[in-house]
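Listed below, chain by chain, are the residues.
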Amino acid sequence: MAVVKARQQDIDMLARLLRAEAETEGEMGMLLVGNVGINRIRANCSDFKNIRTIPQMINQPHAFEALQHGMYYQSARDRERRLAQRAVNGERNWPAKFSLWYFRPGTFDNPGPCPPTWYNQPFVGRWKKHCFYEPTAQECENVYNTFG
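Conventions and cut-offs
- Residue positions within a chain follow its written sequence, with the count starting from 1.
- Where totals are concerned, whole chains, interfaces and linings use all residues; where local detail is concerned, this predicted model gives features only for residues with pLDDT of at least 70, and gives and counts side-chain atom pairs only at 80 or more.
- To get the side-chain values, take all heavy atoms of the structure and skip hydrogens and water.
- Numbering goes from the N terminus for both helices and strands, where a helix is a DSSP run of H or I of at least four residues and a strand is a run of E of at least two.
- Within these notes, the globule rule equals 2.2 Å times the number of residues to the 0.38 power, and the radius of gyration is based on C-alpha atoms.
- Only protein chains enter the calculation, and the probe is 1.4 Å; a residue is then buried if its accessible area is under 20% of its type maximum, exposed if over 50%, and partly exposed in between.
- Should any heavy atoms of two residues lie within 4.5 Å, those residues are counted as being in contact.
- The method behind every accessible area is Shrake-Rupley, applied with a 1.4 Å probe, and residues are considered shielded solely by the protein chains displayed.
- Charge assignment in this entry is limited to Lys and Arg as positive and Asp and Glu as negative, and neither His nor the chain termini are counted.
- Charge placement uses NZ in Lys and CZ in Arg. For Asp and Glu, CG and CD serve respectively.
- Nonpolar cores are built from buried Ala, Val, Leu, Ile, Met, Phe, Trp, Tyr and Cys residues. Side-chain atoms within 4.5 Å join them into one set.
- Put simply, two rings from Phe, Tyr or Trp (the six-membered ring, in Trp's case) pair if the centres are within 6.5 Å, and we call them stacked under 30 degrees between planes, edge-to-face over 60, tilted for the rest.
- Placement of a charge over a ring requires the Lys NZ or Arg CZ to be within 6 Å of the ring centre, with the centre-to-atom vector within 35 degrees of the ring normal.
- By definition, disulfides here are pairs of cysteine sulfur atoms that lie within 2.5 Å.
- Paired strands, in this sense, are two strands between which DSSP finds at least two bridges.
- Here an angle of 0 to 180 degrees is reported between the N-to-C directions of two axes, which are lines fitted to C-alpha atoms, with helices fitted over the stretch in contact.

K.L.:
Describe in detail the overall build of the chain, supporting the description with residues and values.
P.N.:
Check the secondary structure of the chain and you find 5 helices and 4 strands. Starting at the N terminus and ending at the C terminus, the chain contains elements arranged as α-α-α-α-β-β-β-β-α. On C-alpha atoms alone, the chain measures out to a radius of gyration of 14 Å, which is about the 15 Å that the 2.2 N^0.38 rule sets for 148 residues. In terms of overall dimensions, the chain has C-alpha extents of about 35 × 35 × 25 Å along its principal axes. Of all 148 residues assigned to the chain, the portion counted as buried reaches 49%. Taking contacts inside the chain between residues at least 6 apart in sequence as the whole, the part at least 24 apart equals 68%. Accessible surface, the chain as shown: approximately 7,700 Å² in total, 49% of it carbon and sulfur. Counting 19 positive and 15 negative side-chain charges, the chain places the centres of these two groups 3 Å from one another.

Quick look at the structure:
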C-alpha cells in the first residue's frame, strides 16, 4: 500500500529520477534515492515543508542535480518503475531509512570521503559512492514518526 499518493506519471517521474541520480549505484542505490525522496514528502520539516507530492519533491529548486542532465529526461524503464513503486509503498533501507539528504563527494572515478555533516545534519552511512545524512530529532522529529 502506498505511503504517498502517486499516479502512474508520478511513478514514471520518480523512476527517471532514480536512474539519473544513482544508476551506477545499482538497484539498492536507486532505491535509497527513492527512500530519501519519499522521506522528504512525508517529513514536512527543514527544507521540505509543504512538499506533499512526487512532482513537488523532484522539482523543488536545487534539490536534485540530475534535473540538469539529459538522463533524467529519458523515458522511464520497467526496472526503475518497480523500484519507484517499492519506495512509494514504503520500503525503506539503511542508510536512507530516515535520511533527507545524500550526495556523492569527489569525482565520478574518485569518490571522496563523506563529511561528518551535510546541511548541518549528521552522516549516518554510505552506499557505494553516496553519503547519507539524517536530521536530528531537534531538526525534524517528524521524520522518525512517519513510519511504523
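Right, picking up where we left off after that structure.
K.L.:
A description of the nonpolar core should follow, citing residues and the corresponding values.
P.N.:
Counting 43 residues, the largest nonpolar core has L14, I58 and L100 as the members making the most contacts within it. Sorting the residues of this core by element identifies α1 (8–22), α2 (26–43), α3 (54–59), α4 (78–88), β1 (101–103) and β4 (130–133) as the ones contributing at least two each. No other element matches the 8 residues that α2 contributes to this core. Not counting chain neighbours up to four residues away, the residues in contact with L14 comprise I38, I54, M57, I58, A84 and V88.

K.L.:
Break down the packing of aromatic side chains for me, citing the residues and quoting the values.
P.N.:
Enumeration according to the criterion identifies 11 aromatic pairs in this entry. Measuring from centroid to centroid gives 4.9 Å for F98 and Y144, while their planes differ by 45 degrees, and the two rings are tilted. Residue F98 is found in the loop between α4 and β1, and its partner Y144 is found in the segment after α5 (137–140); the two are separated by 46 residues along the sequence. Grouped by ring-pair contacts, the aromatic residues F48, W101, F103, W118, Y119, F123 and Y133 constitute a single cluster. Stacked on the ring of Y72, the Lys or Arg R16 has its end atom at 4.4 Å from the ring centre.

K.L.:
How would you sum up the state of the cysteines? Please name residues and give values.
P.N.:
Overall, the coordinates contain 2 disulfides when judged by the stated rule. Here C45 is linked by a disulfide to C140, with a sulfur-sulfur distance of 1.8 Å. With the S-S dihedral at roughly -85 degrees, the linkage between C45 and C140 falls on the left-handed side. Residue C45 is found in the loop between α2 and α3, and its partner C140 is found in helix α5; the two are separated by 95 residues along the sequence. Like C45, the residue C140 is buried in the burial classification. Shown here is the disulfide that connects C114 with C131, its sulfur atoms set 1.9 Å apart. Of note, the bridge from C114 to C131 carries an S-S torsion of about -85 degrees and is left-handed in sense. Within this pair, whereas C114 is found in the loop between β1 and β2 (117–118), its partner C131 is found in strand β4, the two being separated by 17 residues in sequence.

K.L.:
Break down the pairing of β4 for me, citing the residues and quoting the values.
P.N.:
Residues H130 and F132 line one face of β4 and the alternating positions C131 and Y133 line the opposite face, and both faces are buried. Strand direction decides the pairing type here: β1 and β4, joined by 3 bridges, are antiparallel. Of the residues in β4, the one forming a bridge with F103 is C131. Linking strand β3 (residues 121–127) to β4, which pair antiparallel, is a turn of 2 residues; within it K128 sits at a positive phi near 50 degrees.

K.L.:
For the sheet that holds β2, give the residues involved together with the corresponding values.
P.N.:
Pairing is antiparallel in the open sheet, where 4 strands are placed in the order β1-β4-β3-β2. Two strands bound the open sheet, and with one partner strand each, they are β1 and β2. Looking at chain direction, β3 and β4 are connected through 4 bridges and run antiparallel. Within β4, the position partnered with W127 by the bridge is H130. Relative to β1, α2 is tilted by about 145 degrees, and along the sheet it contacts β1, β3 and β4.

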